[in-house]
Each structure stands twice: as structure tokens, then as C-alpha cells.
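Inside the fold
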Amino acid sequence: MTTDLKYIYGPVPSWRLGKSLGVDVLSQPAKVCNFDCIYCQLGKTGYCPAQRKEFVAAGELVKELAGLPDTAIDYITFSGRGEATLAANLRETLEGVKKLRKEPVAIITNAVLLNDADIRRELSGFDFVVAKLDACNEEMLSDINRPLNKVKLSEILDGFCVFRKQYRGKLAVQTMLIKQNAGFVEMFADIYRRIAPDEIQLNTPLRPSSVEPLGAAEIAEAAKRLKIRLPDIPIKTVYDSEKPRVQPLSGPETLKRRGKI
């Protein structure tokens, strides 16, 4: 059975999060983001607000979540149609979800706003933060992530390190490996060591994208080289992690609009 949903989607089978029920605090027709990554499964960014704003009322989202039938999930995950930290009512929405549900709550972020103390405080309320890092120098950030606001990689990395010191939950750094950055594993290793995450996640664009994915052997080789340099940090890859079988509550169009199929 599928349900007509506006803000909640899934559960989807996630190699990072198991059975993941998505929460879209943006829910706009066009992607809302401060990056315009060349590989993004959602296509080009349609809107980048100059300041954070409310896109979906927390009460409306929580009301939709409350109306769902019971289903087994591992995480409730804030993600969806862009960068969730751009939602000004992120904390209010998280608090509403946590009052309603017992499952741990995760968020997937591009890490651009980690240098903002308010954002770090809000992210500290999540049980699991998956933060993206696709570049190890400024030129790579410009070529792969294509920031839409003035942002420097050094500022993002400073935010990562401060957040790591403050955060008591699980922090994963995810890197989307493509031909433009795959040859820089040693440089990434130095950055990962500086951040000291609980987990490193190596991804490549396996969903519909304008960028060709790397093969399983290439990702495995990158993981091997990282493991030599970072033996104490667990490394997961999109190829070697199993996805659970799930029955989505939301229909195919809802999942397609979030880039999940």
C-alpha cells in the first residue's frame, strides 16, 4: 500500500542507514541548495536562498508523520530536495519528530554551514550526521561542488573540526568519488585524520546522473589505500554495503522526485 505524502518519503533501502524514512524539510519543486554539484541525482539547483528560511511548517510535517502506519525503520533521515540545513525551522522540526517517534534521527548535509555556530548546535540534536566532503583543495570544490555562495574549503574544514569536538553523536564523512577526485586519496586521508570522524563513507553516482560512476574495483582500491593510512577509522563503500529490503509507504513519483529511484 502506498500513501499520498508531501513531506515524508520511503522507507528507502540505504547502504548507509539501513531502512531509512525520509523527511524533506524543503519539499520544493526545484532543488534548494547552496551547492550545484556536477553529479547530483536531483539535477541542477533551482534556488539558493541568501539566508535560511522556513519552507515547510514543522507542525504540518509532524502531522503527516503521525498519520503513517507502523513500519519497521532504522533511521528517520532529514534529506530530500536539497540541503536540509537551509531550513530555518530545522530544530523545531527535529524536536517535533523526536517527541513523536522513538527511532534515531539522522541528517545528510553538504557541510557548507558547519562553520556557523547556530547550525552546529542544531545538528548536535541529531543522532547521526552524515556530512559531505568531495574536495581536498579549493579548485576541486569549485569544479565538483560548484558553490553558489562565497564559501572556502578551509572554512568548511574548520567547521568540521569544531563540530567534531562538540558533537556527541555519530559523525560520518561521505565522499562522492568520481574521476575528478579519485586520484587524491592520500590528500583526503590527511583531511579525514584532521576531522577524526566515526566513519568514512565512499560513494559514487550509481543513481541516474550526468557523471559516470567509478567501478567496484576502483572504489575498493581507494578504500584499501585509505585503510593503510587510517587503520582506526571504519570505511564503508557503496559497493560492499548491503541494502535491506523495504516496502515504501510513499509512491514511485514521491521517491523519484527525491532522486531515490
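Figured I'd write up the structure that's included with this text. Computed from a predicted structure; not experimentally measured.

This part takes up the side chain of Asp36. One can find Asp36 in the loop between strand 3 (31-32) and strand 4 (45-47). According to the relative accessible area criterion, Asp36 is buried, its value standing at 8%. When neighbours within four sequence positions are excluded, Asp36 is seen to be in contact with Lys31, Gly43, Lys44, Thr45, Ile144, Asn145, Arg146 and Leu148.

Another aspect to go through is the environment of Phe160. If you trace the backbone, Phe160 turns up in helix 5 (residues 153-166). The sequence separation of Phe160 and Ala131 amounts to 29 residues, and the corresponding C-alpha distance is 8.7 Å. Dropping the residues within four chain positions of it, Phe160 is found in contact with Ala111, Leu114, Ala131, Lys132, Leu133, Val173 and Ile195.

Let us look at the packing of aromatic side chains. If you walk through the whole model with that rule in mind, you get five aromatic pairs. With 6.5 Å between their ring centres and 75° between their planes, Tyr47 and Phe55 make a pair best called edge-to-face. A centroid spacing of 5.6 Å and a plane angle of 50° characterise the contact between Tyr75 and Phe128, whose relative ring orientation is tilted. One end of the pair, Tyr75, is in strand 5 (residues 75-79); the other, Phe128, is in strand 7 (residues 128-132), and 53 residues separate them in sequence. Sitting above the plane of the Phe128 ring, Lys170 keeps its charged end 4.6 Å from the centroid.

Below, the discussion takes up helix 6 (residues 185-195). The α-helix advances 3.6 residues per turn, and as a result positions three or four apart in sequence lie on the same side. Among all positions in helix 6, only Val185, Phe188, Ala189, Ile191, Tyr192 and Ile195 are buried. For helix 6, the arc enclosing every buried residue in end-on projection is 165°, short of the 170-degree limit, so these residues lie on one face. Elements in contact with the buried residues of helix 6: helix 4 (138-145), helix 5, strand 8 (170-176), strand 9 (199-203) and helix 7 (216-229). Looking one or two places after helix 6, you find Ala196, whose phi comes out positive at around 60°.

Tallying each qualifying case throughout the model produces 12 salt bridges. For the salt bridge of Asp198 with Arg164, the shortest nitrogen-to-oxygen distance reads 2.9 Å. With Asp198 in the loop between helix 6 and strand 9 and Arg164 in helix 5, this residue pair connects regions lying 34 residues apart in the sequence. Given a relative accessible area of 34%, Asp198 falls into the partly exposed group. Between Glu199 and Lys170 there is a salt bridge, and its shortest N-O distance comes to 3.4 Å. Remark: Lys170 occurs in strand 8 and Glu199 occurs in strand 9; sequence separation between them is 29 residues. For Lys170, a relative accessible area of 32% gives the class partly exposed.

Taking burial as the measure, the five residues of strand 7 include five buried ones, the bulk of the element. Neither face of strand 7 is open: one carries Phe128, Val130 and Lys132, the other Val129 and Ala131, and all of them are buried. Pairing of strand 6 (residues 105-109) with strand 7 involves four bridges; the strand directions are parallel. Paired with Ile108 across the two strands is Val130, which belongs to strand 7.

Looking now at the sheet that holds strand 9. Across the sheet, which stays open at both edges, the eight strands sit in the order 1-2-5-6-7-8-9-10 with mixed pairing between neighbours. If you trace the sheet from one side to the other, it starts and ends with strand 1 (8-14) and strand 10 (235-237), each paired once. Pairwise comparison of adjacent strand axes, ignoring direction, gives a mean angle of 25° for this sheet.

This brings us to the pairing of strand 2 (residues 18-24). For strand 2, the buried fraction is high: six of the seven residues fall into the buried class. With five bridges joining them, strand 1 and strand 2 adopt antiparallel strand pairing. Counted as the bridge partner of Val12 is Ser20 from strand 2. As consecutive antiparallel partners, strand 1 and strand 2 are separated by three residues.

Okay, helix 2 (residues 90-100) next. Taken residue by residue, helix 2 has Leu90, Thr93, Leu94, Gly96 and Val97 as its buried positions. One side of helix 2 carries all its buried residues, which in axial view fall inside an arc of 160°.

To continue, consider the packing of helix 5 against helix 6. At a closest axis distance of 9 Å, the pairing of helix 5 and helix 6 adopts a crossing angle of 35°. Here Leu157, Asp158, Phe160, Cys161 and Arg164 of helix 5 come into contact with helix 6, specifically with Ile191, Arg194 and Ile195. Of the residues contributing to the contact of helix 5 with helix 6, the split by class is five nonpolar, no polar and three charged.

Reading the values: rules and limits
Residues numbered from 1 in each chain as written. Predicted model: local features only at pLDDT ≥ 70, side-chain atom pairs only at ≥ 80, totals over all residues. Heavy atoms only, no water. Helix = DSSP H or I, 4+ residues; strand = E, 2+ residues; numbered from the N terminus. Buried < 20%, exposed > 50% of the residue type's maximum accessible area, 1.4 Å probe, protein only. Contact = heavy atoms within 4.5 Å. Phe/Tyr/Trp six-rings, centres within 6.5 Å; stacked < 30°, edge-to-face > 60°. Lys NZ or Arg CZ within 6 Å of the ring centre and 35° of its normal. Arc of directions from axis to C-beta. Salt bridge = Lys/Arg side-chain N within 4 Å of Asp/Glu carboxyl O. Pairing = 2+ DSSP bridges. Axes fitted to C-alpha atoms, helices over the stretch in contact; angles between N-to-C directions. Nonpolar A, V, L, I, M, F, W, Y, C, P; charged D, E, K, R; others polar.

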